[in-house]
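If you want the building blocks of each chain, they are given just below.
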Amino acid sequence: MTSIIPKPASNPNGEVEYYETVGIHQKLKHKFIELYLKIWVENVGQKSKKNPPTVDFFDLYAASGLAHDRHTGEIWEGSALLAAKAFGGYPNGRLLFLNSYDEDPDTCKSQMEILKRNIQGLEDCPHVKDRTRFFSADIHRATDEALRVVNKNYPSLWILDPYHPDQLPWKIIERIGSTTGKPYVDKKTGRTVIKKPELIINLMTLILQRNIDRKPELLSNAIGLSQEDWTPLYENYEEKWKQFGVEQCTRHVILDIYAERLSQLYKNPPIIAEVNAAEGGVVYTMLLVTESDAGYYNMKKKMDEWHNYKI
């Protein structure tokens with residue numbers, strides 16, 4: 001699917017406005033998202049012998065749908081446009097829900113204008129715009145609306161890529177991850193199946209680990225536990241890593257706790273991809289959680305491709 005990526009709009013100071021202004025390493029994040037979307041298009045949609053199931057895609061932090069590197073001037077498609085293209089390539093997409101919000105009204109308006117323009121510019125799949133729901137609200141109201149319109153009895157994929165850990169509290173993960181459809185019996189296996197949303201999460205581990213002592217409430221908010229409750233977990237995982245000879249283990253411990261919290265919602269452990277900055281340090285961590293065994297193992301196979309991806 002093709003779309004037109006415009007030149008960045010600049011203010012009088014030459015600063016790019018309204019795009020997600022990020023480092024080039026963010027391409028690794030978007031590659032992770034793109035790889036799983038391709039599984040939906042290629043493995044579920046195009047290889048299905050019969051009509052594939054309907055699917056709903058949600059991006060609750062869509063912004064303008066574009067990313068920009070301030071140093072190189074390069075612009076590329078962010079999660080919202082990647083989701084839109086995958087939705088257009090999937091033969092039975094039902095709903096594409098894009099939430100674009102910023103506390104600044106002018107930025108919010110401009111982001112939405114750019115997003116809508118690019119969705120309308122998808123030349124190879126013009127039908128996408130007719131099945132796209134544009135929304136603009138903070139994460140709590142956006143989640144309320146998204147859960148109201150999702151088809152709970154069929155698959156859905158949710159992209160949760162905030163700008164700061166505070167923007168993705170655990171209660172949002174819990175609300176979405178606890179959403180289920182009506183149980184049914186799989187005719188092939190005889191097992192009872194309950195549909196649950198699939199989640200792609202950006203856990204901003206660098207901010208969390210830097211503030212573990214100064215602002216422990218950031219971790220409390222991200223994992224949904226008070227400091228009193230998560231401290232014993234932290235100490236246990238910290239001891240484990242130190243026994244392995246890893247003294248600087250804050251990030252590992254945070255990931256362990258987060259994975260443990262996700263295991264209370266999903267049977268499969270999360271697929272984890274740590275994203276490094278250009279200079280080498282891990283900035284944040286991408287996680288995929290799904291109840292689908294096929295989706296899980298197909299993404300595991302694609303992780304070599306992700307690790308070998310050159311930015």
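Scroll up a little and you will see the structure.
A. Helix α8 (residues 227-243), seen in detail. For α8, with 17 residues, the first-to-last C-alpha span of 24 Å sits near the 24 Å given by 1.5 Å per residue. Residues W230, Y234 and W241 constitute the buried set of α8. Angular distribution of buried residues about the axis of α8 spans 45 degrees; they occupy a single face of the element. α8 presents E228, N236 and Q243 as exposed residues on the side facing more than 90 degrees away from its buried surface. Residues of α8 that are buried make contact with α7 (217-223) and α9 (250-263). After α8 finishes, the residue G245 shows a positive phi value of roughly 90 degrees.

B. Just the packing of helix α4 (residues 139-149) against helix α5 (residues 170-177), in detail. At a minimum axis separation of 11 Å, α4 and α5 run at an interaxial angle of 0 degrees. Of the possible angle classes, the one that applies to α4 and α5 is roughly parallel. Each of I139, H140, T143, D144 and L147 in α4 lies in contact with α5, whose residues at this interface are K171, I172, R175 and I176. Its residues placed into classes, the contact of α4 with α5 shows four nonpolar, two polar and three charged.

Thresholds, definitions, all that
Residues numbered from 1 in each chain as written. Predicted model: local features only at pLDDT ≥ 70, side-chain atom pairs only at ≥ 80, totals over all residues. Heavy atoms only, no water. Helix = DSSP H or I, 4+ residues; strand = E, 2+ residues; numbered from the N terminus. Expected span 1.5 Å × (residues − 1). Buried < 20%, exposed > 50% of the residue type's maximum accessible area, 1.4 Å probe, protein only. Arc of directions from axis to C-beta. Contact = heavy atoms within 4.5 Å. Axes fitted to C-alpha atoms, helices over the stretch in contact; angles between N-to-C directions. Parallel < 35°, antiparallel > 145°, perpendicular 65-115°, else oblique. Nonpolar A, V, L, I, M, F, W, Y, C, P; charged D, E, K, R; others polar.

Any link to function would need more than the numbers given here.
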